[in-house]
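These are the residues of each chain, in order.
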Protein chains: 2
Amino acid sequence: MTDRSPLPPCIVLVRPQLGENIGAVARAMLNFRLTDLRLVDPRDGWPNPAAGPTAAGADAVLDGARVFGTLADAVADCVRVYATTVRGRGMTKLVATPDHAASEAHRLAASGGRTALVFGPERAGLETDDVALADAILTIPVNPDFGSINLAQAVIVIVYEWHRQLTAGLPRQVLHGGSDLPASHAALEGLIGQLEDALEPRGYFFPAHRTRTLKRVLRNLFSRPGFNEQEVRTLRGIISTLTSPRDR
Amino acid sequence: MTDRSPLPPCIVLVRPQLGENIGAVARAMLNFRLTDLRLVDPRDGWPNPAAGPTAAGADAVLDGARVFGTLADAVADCVRVYATTVRGRGMTKLVATPDHAASEAHRLAASGGRTALVFGPERAGLETDDVALADAILTIPVNPDFGSINLAQAVIVIVYEWHRQLTAGLPRQVLHGGSDLPASHAALEGLIGQLEDALEPRGYFFPAHRTRTLKRVLRNLFSRPGFNEQEVRTLRGIISTLTSPRDR
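Each chain has its residues counted from 1, running along the sequence as written. Numbering of ligands from 1 and lettering of chains from A proceed in the order in which they are written. Where local features are concerned, this predicted model is filtered to residues with pLDDT of at least 70; where side-chain atom pairs are given and counted, the filter is 80 or more; whole-chain, interface and lining totals use all residues. Calculation of side-chain values draws on the structure's entire complement of heavy atoms; hydrogens and water are dropped beforehand.

Regarding the overall build of chain A
Defined as follows: In DSSP terms, a helix is any run of H or I states spanning at least four residues, a strand is any run of E spanning at least two, and both are numbered starting from the N terminus. Radius of gyration here uses only the C-alpha atoms, and the compact-globule reference equals 2.2 Å multiplied by the residue count raised to the power 0.38. Contact criterion: two residues are considered in contact whenever any of their non-hydrogen atoms come within 4.5 Å of each other. Areas reported as accessible are Shrake-Rupley estimates using a 1.4 Å probe. Residue values count occlusion only from the protein chains shown. Positive residues here are Lys and Arg, negative ones are Asp and Glu, while His and the chain termini are left out of the count. In plain terms, the charge of a residue is placed at NZ if it is Lys, CZ if Arg, CG if Asp and CD if Glu.
Helix and strand content of chain A: 10 helices and eight strands. Its C-alpha radius of gyration of 28 Å places chain A more than 25% over the 18 Å reference for a compact globule of 248 residues. Overall, chain A is about 85 × 40 × 40 Å in size when its C-alpha atoms are taken along their principal axes. Here the contacts in chain A between residues at least 6 apart in sequence split such that 83% fall between residues at least 24 apart. Counting only carbon and sulfur atoms, one obtains 53% of the accessible surface of chain A, whose full area is about 12200 Å². Taken together, the 27 basic and 26 acidic charged side chains of chain A have centroids lying 10 Å from each other.

Section: the packing of helix α8 (residues 185-199) of chain B against helix α9 (residues 211-223) of chain B
Residues and elements named next belong to chain B. Defined as follows: Between N-to-C directions, angles cover 0 to 180 degrees, with each direction set by a line fitted to C-alpha atoms, over the stretch in contact for helices. These descriptions rest on fixed angle ranges, namely under 35 degrees for roughly parallel, over 145 for roughly antiparallel, 65 to 115 for roughly perpendicular, and the rest for oblique. Rotating anticlockwise by less than a right angle from the far helix to the near helix defines a left-handed crossing, while the corresponding clockwise rotation defines a right-handed one. Only Asp, Glu, Lys and Arg are considered charged in this grouping, and only Ala, Val, Leu, Ile, Met, Phe, Trp, Tyr, Cys and Pro are considered nonpolar; every other residue, Gly among them, is considered polar.
At a closest axis distance of 11 Å, the pairing of α8 and α9 adopts a crossing angle of 140°. Taken together, the axes of α8 and α9 lie oblique to each other. Considering only the axes of α8 and α9, their crossing is right-handed. In this structure, α8 uses Leu188, Glu189, Leu191, Ile192, Leu195, Glu196 and Leu199 to contact α9, whose residues at the interface are Lys215, Leu218, Arg219, Phe222 and Ser223. Classifying every residue of the contact of α8 with α9 by side-chain character gives seven nonpolar, one polar and four charged.

Things to note about the side chain of Gln194 of chain A
Residue and element names in this part refer to chain A. To be explicit about the condition: Polar contacts here mean pairs of N or O atoms no more than 3.5 Å apart (in protein, one a potential hydrogen donor and the other a potential acceptor; neighbouring residues in sequence count only if both atoms are side-chain atoms).
Mapped onto the secondary structure, Gln194 falls in helix α8 (residues 185-199). Of note is the side chain of Gln194, whose polar atom sits 2.9 Å from the side chain of Ser240. In this structure Gln194 touches Arg236, Ile239 and Ser240, once residues within four positions along its chain are discounted.

Observations concerning the relation of the copies chain B and chain A
As a reminder of what qualifies: Superposition of the copies was done by least squares, using only C-alpha atoms of residues whose pLDDT is at least 70 in both.
Overlaying chain B with chain A gives an RMSD of 0.2 Å, the required rotation being 179° about an axis along which the chain moves by 0.1 Å. In short, the pair behaves as if placed about a two-fold rotation axis. Taking C-alpha positions as the reference, the residue of chain B nearest the rotation axis is Val157 of chain B, at 2.9 Å. In this assembly the copies share their binding face: 98% of the residues contributing to the interface of chain B also contribute to that of chain A.

Comments concerning the packing of aromatic side chains
Residue and element names in this part refer to chain A. Convention followed: Aromatic pairing here means that ring centres of Phe, Tyr or Trp (its six-membered ring) are within 6.5 Å. Orientation follows from the plane angle: under 30 degrees is stacked, over 60 is edge-to-face, and everything else is tilted. Buried residues are those whose accessible area, probed at 1.4 Å on protein chains only, stays under 20% of the maximum for their type, while exposed residues exceed 50% and partly exposed ones sit between those limits. Two conditions define a charge sitting above a ring: the NZ of Lys or the CZ of Arg must be within 6 Å of the ring centre, and it must be within 35 degrees of the ring normal.
Tallied over the entire structure, the rule returns five aromatic pairs over all chains. Taking the centre distance of 5.8 Å and the plane angle of 75° together, the rings of Phe32 and Tyr160 count as edge-to-face. Of this pair, Phe32 sits in the loop between α1 (19-31) and β2 (37-40) while Tyr160 sits in helix α7 (residues 151-166), and the two are 128 residues apart along the sequence. Judged by relative accessible area, Tyr160 falls into the buried class, the value being 3%. A ring pair is formed by Tyr204 and Phe205, whose centres lie 5.1 Å apart and whose planes are at 90°; its orientation type is edge-to-face. Just above the ring of Phe205 sits the side chain of Lys215; from NZ or CZ to the centre is 5.2 Å.

Let's talk about the environment of Ile192 of chain B
Tracing the backbone shows Ile192 of chain B in helix α8. Every residue in contact with Ile192 of chain B, bar those within four places of it in the chain, is listed here: Arg219, Phe222 and Ser223 of chain B.

Quick notes on the pairing of β2 of chain A
All names here are of chain A. Here is the rule we go by: For two strands to be treated as a pair, DSSP must find at least two bridges joining them. The handedness of a crossover follows from its direction of travel: if, with the strands pointing away from the viewer, the path from the first strand over the helix to the second runs clockwise, the crossover is right-handed.
Burial along β2 is two-sided: Leu37 and Leu39 facing one way and Arg38 and Val40 facing the other are all buried. In this sheet, β2 lies alongside strand β1 (residues 10-14) in parallel orientation, the contact comprising four bridges. Bridge assignment links Ile11 to a residue of β2, and that residue is Leu37. You can see the chain leave β1, run along α1 and come back into β2, and the turn it takes is right-handed. Strand direction decides the pairing type here: β2 and strand β3 (residues 66-68), joined by three bridges, are parallel. If you follow Val40 over to β3, its bridge partner there is Phe68.

Concerning the interface of chain B and chain A
For clarity, the cut-off: What gets called buried area is simply the loss in accessible area from a 1.4 Å probe that two parts show on being joined, summed for both. Within this document, salt bridges are pairs made up of a side-chain nitrogen of Lys or Arg and a carboxyl oxygen of Asp or Glu, the two lying within 4 Å of each other.
Each partner contributes residues to the interface: chain B has 48 residues there, and chain A has 48 residues. Interface area, chain B with chain A, both sides summed: about 4300 Å², of which 53% is carbon and sulfur. One can count four salt bridges joining chain B with chain A. For the salt bridge of Arg164 of chain A with Glu161 of chain B, the shortest nitrogen-to-oxygen distance reads 3.7 Å. Summed over the shared surface of chain B and chain A, the result is 12 residue pairs in polar contact (both at pLDDT 80 or more). Where the side of chain B that touches chain A is concerned, the elements lending two or more residues are α1 (19-31), β5 (93-96), α5 (98-110), α7 (151-166) and β8 (173-176) of chain B. Considered class by class, the residues forming the side of chain B that touches chain A number 24 nonpolar, 16 polar and eight charged.

Topic: the confidence of the model for chain A
Basically, it comes down to this: Note: pLDDT gives the predictor's confidence per residue, expressed from 0 to 100.
Across chain A, pLDDT averages 88, with 93% of residues at or above 70. Model confidence for the complex: the whole-complex pTM is 0.79, and ipTM, which rates the interface, is 0.77.

Some words on α8 of chain B
Rule in force here: Any helix carries an expected span of 1.5 Å times its number of residues minus one.
With 15 residues, α8 of chain B should reach 21 Å at 1.5 Å per residue; the first-to-last C-alpha distance of 20 Å fits that figure. Where the residues of α8 of chain B are buried, they touch α9 and α10 (229-243) of chain B.

Regarding the environment of Gly226 of chain B
Residues and elements named next belong to chain B. Inspection of the secondary structure puts Gly226 in the loop between α9 and α10. Take Gly226: its relative accessible area is 32%, and that puts it in the partly exposed class. Once the C-alpha coordinates of Gly226 and Leu188 are considered, the two residues, 38 residues apart in sequence, prove to be 9.3 Å apart. Discounting residues that sit within four places of it in the chain, Gly226 has contacts with Pro182 and Glu231.

Things to note about the side chain of Asp36 of chain B
Residue and element names in this part refer to chain B. Mapping Asp36 onto the fold places it in the loop between α1 and β2 (37-40). Polar contacts involving the side chain of Asp36 include one to the side chain of Arg38, which spans 2.9 Å. Ignoring any residue separated from it by four or fewer positions in sequence, one finds Asp36 in contact with Pro9, Cys10, Ile11, Met29, Arg66 and Arg114.

Below, the structure is given as structure tokens:
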């Protein structure tokens, strides 16, 4: 897998309340290969034993977490700071989608700049002064009639998006458990020939003036899926079986 | 917002164990405008009072949930069934990313076909027979060294992806709290002119052979952000203030 981003973003939790949520954030991060967790003034101090169980094995992220007294200190080395909020704050700020913020993070990382993704306390979200410190607001577009995402869910959506773009060059669909390579056309012709030979005497290509059309339908039907050699062999076996006498 | 998808996908939970997780799934769905929840043989029956609190207000999704005896019944009206798994199952199946599955769901919906997104029980995931019934496998690409996503997190990532594509035509970045429209060039020229007039007598454009370069730097600096009229007025006010005598 290509690592397009030498400087992955850091996740900054401002005054997080519950250790359980810090653990769930660590778990979400590590699923998508992020490890740089920064805590600003966590309510219950740090380390917090409540974080371990919900991290579900992402202990390395918790162990590496750094604590800062202020948001400004936490993001001092970052060139772009996104404040995650669910709504605008009556201030003039760019509001980016996760899609846009992730592509900016990758772009800046390619030039050596780190991005911070900042999340507020569970109950109230970021305070206006925290948002003012950010370069832009990051908002997950949700149902205007029902926007209710908790901290770890917001983190997982945003880090998923970052990771999606990291791996965007990879195939979006692969065939598991078999060759991804379609069968040769010779093998496909063999299948279609066998099928036609089996159908012909059974009156399938009737009436005669429709034969050509029916054969074309058949050919398209078996060409389109891109069956691999094994699948073609299986299909030929099926045809053979179907055309064999019922009682042996 | 354009509704590109007249037939949004349904979410199918096969033998879900904890009501809390069913509620969390309903909440994740409604955030991204999905409401069609189907339960196959839920362990603790249905309705399940444990689901309410974690739904966090997504009660309409729970109230509308339908229960089926088998997965085949649950997806009978669907033209494409994705089985969500964390790994291949030793069978020949296409394995799609959320990105691909979502685009397929939108494409099929445009032709009137519904897609089912199927999730297995929390502990063990889908059984092989459930997966065999699906048209393809849906796998969230995660860190190969740490893949640990719970049920509601898997659902939220996948439905976020569907919603991201639904709203893909919308702007990815907007300016809140002010006009998105950059100021006219006349206004910008006024600002730059004022600034130059203020800097000139203060020796900023020195030495003389660098004047042109320095002015170009200045022009680029104030053109690039695309300030709106209000921002230009604010900047002009700042310049005026800075150049006014210290004591009035």
